[in-house]
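Results of the structural survey
So you can see what is in the structure, the chains are spelled out below.
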Amino acid sequence: MEPEEKELQLKERLIRIHEMEEEIAAKEKALKDKEKEKKQILLRLSSSLWSDLASWADEDFRSINGQIEFLLAEAVRKHKGGK
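A brief look at the structure comes next.

**Looking at the layout of surface pockets**
Taken as a whole, the largest pocket encloses approximately 390 Å³ of empty space. Lining the largest pocket, in full, are Glu35, Lys38, Lys39, Gln40, Ile41, Leu43, Leu45, Trp50, Asn65, Ile68, Glu69 and Leu72. The biggest single contributor to the lining of the largest pocket is helix H3 (residues 64-81), with four residues. Residue composition of the lining of the largest pocket, grouped by class: six nonpolar, two polar and four charged.

Structural data, given as structure tokens:
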């Protein structure tokens, strides 16, 4: 293979790598933008309920926030399915 051909192949690979990096960056930005769409709420819980949720979340390998979000999503899904 001629040096010019090798150089051309390397340039083509670099272009593909650059395109892949741009695609990854765009996907990361989309994920970050999606996370920003979440709404924040203030939630007051009794300490016993907090403890129970914390234990449950730990069993499921989730944060307490993730556990609450999971439970609410399940409740909404079941509610929608029942109608």
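After presenting the structure, the write-up continues.
**Topic: the pattern of salt bridges**
Counted by the stated rule, this structure contains six salt bridges. Lys27 is paired through a salt bridge with Glu23; the nearest N and O atoms lie 3.3 Å apart. Remark: Glu23 and Lys27 occur in helix H1 (residues 3-36); sequence separation between them is four residues, near one turn of the helix. For Glu23, a relative accessible area of 44% translates into the label partly exposed. The salt bridge involving Asp33 is made with Lys29; its shortest N-O contact spans 2.9 Å.

**A few points about the packing of aromatic side chains**
Under the definition given, this model contains zero aromatic pairs. Above the plane of the ring of Phe70 lies Arg62, whose end atom (NZ or CZ) is 3.8 Å from the centre.

**Quick word on the side chain of Gln67**
Here Gln67 is to be found in helix H3. Overall, Gln67 belongs to the buried group, its relative accessible area being 0%. Only 3.1 Å separates the side chain of Gln67 from the side chain of Arg62, close enough to count as a polar contact. Filtering out sequence-adjacent residues up to four positions away, Gln67 remains in contact with Leu53, Trp56, Ala57, Asp60 and Arg62.

Definitions and cut-offs
- Sequence positions are assigned chain by chain, starting from 1 and proceeding in written order.
- Side-chain atom pairs in this predicted model are given and counted only at pLDDT of 80 or more, local residue features only at pLDDT of at least 70, and totals for whole chains, interfaces and linings cover all residues.
- By convention in this description, side-chain values take in all heavy atoms of the structure and omit both hydrogens and water.
- Cavities and pockets are found on a 1 Å grid laid over the protein atoms alone: a cavity is a set of points where a 1.4 Å probe fits but cannot escape, a pocket is an open set with protein on both sides within 12 Å along at least five of seven lines, and a lining residue has an atom within 4 Å of such a point.
- Grid points are joined across faces, edges and corners, and a volume is the space filled by probe spheres set on the points.
- A run of DSSP states H or I qualifies as a helix once it reaches four residues; a run of E qualifies as a strand once it reaches two. Both are numbered from the N-terminal end.
- Residues are sorted three ways: Asp, Glu, Lys and Arg are charged, Ala, Val, Leu, Ile, Met, Phe, Trp, Tyr, Cys and Pro are nonpolar, and all the rest, Gly among them, are polar.
- By salt bridge we mean one thing: a side-chain nitrogen of Lys or Arg within 4 Å of a carboxyl oxygen of Asp or Glu.
- Only protein chains enter the accessibility calculation, which uses a 1.4 Å probe; a residue is then buried when its area is under 20% of its type maximum, exposed when over 50%, and partly exposed in between.
- Working definition: rings of Phe, Tyr and Trp (its six-membered ring) pair if their centres are within 6.5 Å, and the pair is stacked with planes under 30 degrees apart, edge-to-face with planes over 60 apart, and tilted otherwise.
- Placement of a charge over a ring requires the Lys NZ or Arg CZ to be within 6 Å of the ring centre, with the centre-to-atom vector within 35 degrees of the ring normal.
- Polar contacts here mean pairs of N or O atoms no more than 3.5 Å apart (in protein, one a potential hydrogen donor and the other a potential acceptor; neighbouring residues in sequence count only if both atoms are side-chain atoms).
- Every residue pair with non-hydrogen atoms within 4.5 Å of one another is taken to be in contact.

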